[in-house]
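Structural overview for review
If you want the building blocks of each chain, they are given just below.
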Amino acid sequence: MIDEATLNRAVSAGIVDAAQRDALLSLARNEARTEQQASSETASLSVDDQMRLVGGGNDIFVTVGIVLLFSGALFALQAVLPSDSMTLAALLAAASWVVAEIVTRQKRMRLSSTLLALVFSASALALLTDFISTRFSLPGTINAFSLLALRDDALPIGLMMGGGLIAAAALYFARFKVPVLAAIVAIAATGVAFLAAVLVYYDQMVGGSIAAPAPDQLAQVLSDALAIPLVCGMIIFAVAVFLDLHDRDRQTVWSDCAFWLHVVSAPLLVHPLFILATGQDVLAGRIEPGMGASVLLGLMMVVFVLVALAIDRRSLLAPTLAYFGSVGIYYLINGAANTTGIPPFALILVTIGAIVILFGAGWQRIRRLIIRPLLPTSLLDRLPPIKA
């Protein structure tokens, strides 16, 4: 490519005049700008709702090494230290932090970083569990029944467990910016909220404000309790959408955090709505939706598909197909299966597989055909761009 200095010398030598020089420079700048835009669009297309989990073959290789390293260290430490020793969890947490200083901070290996973050979170949770068990003299493992038996200490224990895990994940994220920790924080916060709701209900029942449920009312009580994860799922989903809207091209770590938040929010949204729509017996596990529930089930499937297409997140659609598709389609095609002799399970697999392939292969085309004419331009400009 001829640079500007060469063209200036050509003008001085009388080879070209000044107007021709300016025209050539303008053409070169336009071509460079076009190539840059094409490169940017290609990079944007390559993202396409990926969570950027694997950074290449070397990343997988290092991940295998981390698994071997920590597995060997765990067995070796268990042979030297008691299995319930807080020192064991503390050493594993410290080791994951030290390894992350190289793997995450320096090399930015994605899969290895995710694994190290999970190891650190699990070690922090084990450390908190051992500390709480020793501090409150809890027998055995911590569960809902042992917490209710120690009502006065139940809320402090829950706050220490959930709050401590959130604090540890936040500290690790501040240092290493690993997106999967957003899911850890969301799960811990949901657990604390659910525990608080259970304690409020327990106090009202013990205080006589509400009557203790009869055995035949337990299923309804459990169904009502699903309002807590439903509300938490809505909040987590709202946070994920907020992060998506502030990174429409999905180039930053916050977009990856939004992916993991969608992964957590999807089952929290889908499962309670699924039970409410079908009238599922939570205790017995029976699902017998009538005609009205089947219609509502179909409408909910459509709504979730449209929302997933609008925000360009297949992670929201996957559990929708798993819950709504499998059970809803089962009852829709059960009659056909009985008359043809084809097992319903086979029809479920065929139907779900076809839907997954359809959306997987033509996701952006489906977004373009459905979302673009459905939503106003003012809203489309705030959503992730629809790629041509």
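Residues numbered from 1 in each chain as written. Predicted model: local features only at pLDDT ≥ 70, side-chain atom pairs only at ≥ 80, totals over all residues. Heavy atoms only, no water.

Let's shift gears to the confidence of the model for the protein. Mean pLDDT over the protein stands at 79; residues scoring 70 or higher make up 77%. Model confidence for the protein, summarised as mean pLDDT per element, is weakest for helix H6 (residues 144–149) at 61 and strongest for helix H4 (residues 86–103) at 93. Contacts from residues 38–51, a stretch scored under 50 in pLDDT, to residues over four places away or in other chains number 22 contacts. (pLDDT = per-residue confidence, 0-100. Helix = DSSP H or I, 4+ residues; strand = E, 2+ residues; numbered from the N terminus. Contact = heavy atoms within 4.5 Å.)

Attention shifts here to the packing of helix H3 (residues 57–80) against H4. Helix-helix packing: each pair is described by the crossing angle between the helix axes and the interaxial distance. The geometry of H3 relative to H4 is characterised by a closest axis approach of 11 Å and an angle of 160° between their N-to-C directions. What the angle tells us is that H3 and H4 run roughly antiparallel. Crossing of H3 over H4 shows right-handed handedness. Taken together, the residues of H4 that come into contact with H3 (itself represented by Val-62, Leu-69, Phe-70, Leu-74, Leu-77 and Gln-78) are Leu-88, Leu-91, Leu-92, Ala-95, Ser-96, Val-99 and Val-103. Its residues assigned to classes, the contact of H3 with H4 shows eleven nonpolar, two polar and no charged. (Axes fitted to C-alpha atoms, helices over the stretch in contact; angles between N-to-C directions. Parallel < 35°, antiparallel > 145°, perpendicular 65-115°, else oblique. Left-handed = near helix turned anticlockwise from the far one by under 90°. Nonpolar A, V, L, I, M, F, W, Y, C, P; charged D, E, K, R; others polar.)

Our focus in this paragraph is the pattern of salt bridges. One pass over the structure, following the stated rule, counts five salt bridges. Residue Arg-313 is joined to Asp-244 by a salt bridge in which the shortest nitrogen-to-oxygen separation is 2.8 Å. Taken together, the residues Arg-313 in the loop between helix H12 (291–311) and helix H13 (314–340) and Asp-244 in helix H10 (residues 227–245) connect sequence positions 69 residues apart. (Salt bridge = Lys/Arg side-chain N within 4 Å of Asp/Glu carboxyl O.)

Even without glycine at this site, Arg-108 takes up a positive phi of about 55°. Relative to the assigned elements, Arg-108 resides in the loop between H4 and helix H5 (110–136). Notably, Arg-250 is not glycine yet its phi reads approximately 55°, a positive angle. Mapped onto the secondary structure, Arg-250 falls in the loop between H10 and helix H11 (253–278). The exposure class assigned to Arg-250 is buried, which follows from its relative accessible area of 3%. (Buried < 20%, exposed > 50% of the residue type's maximum accessible area, 1.4 Å probe, protein only.)

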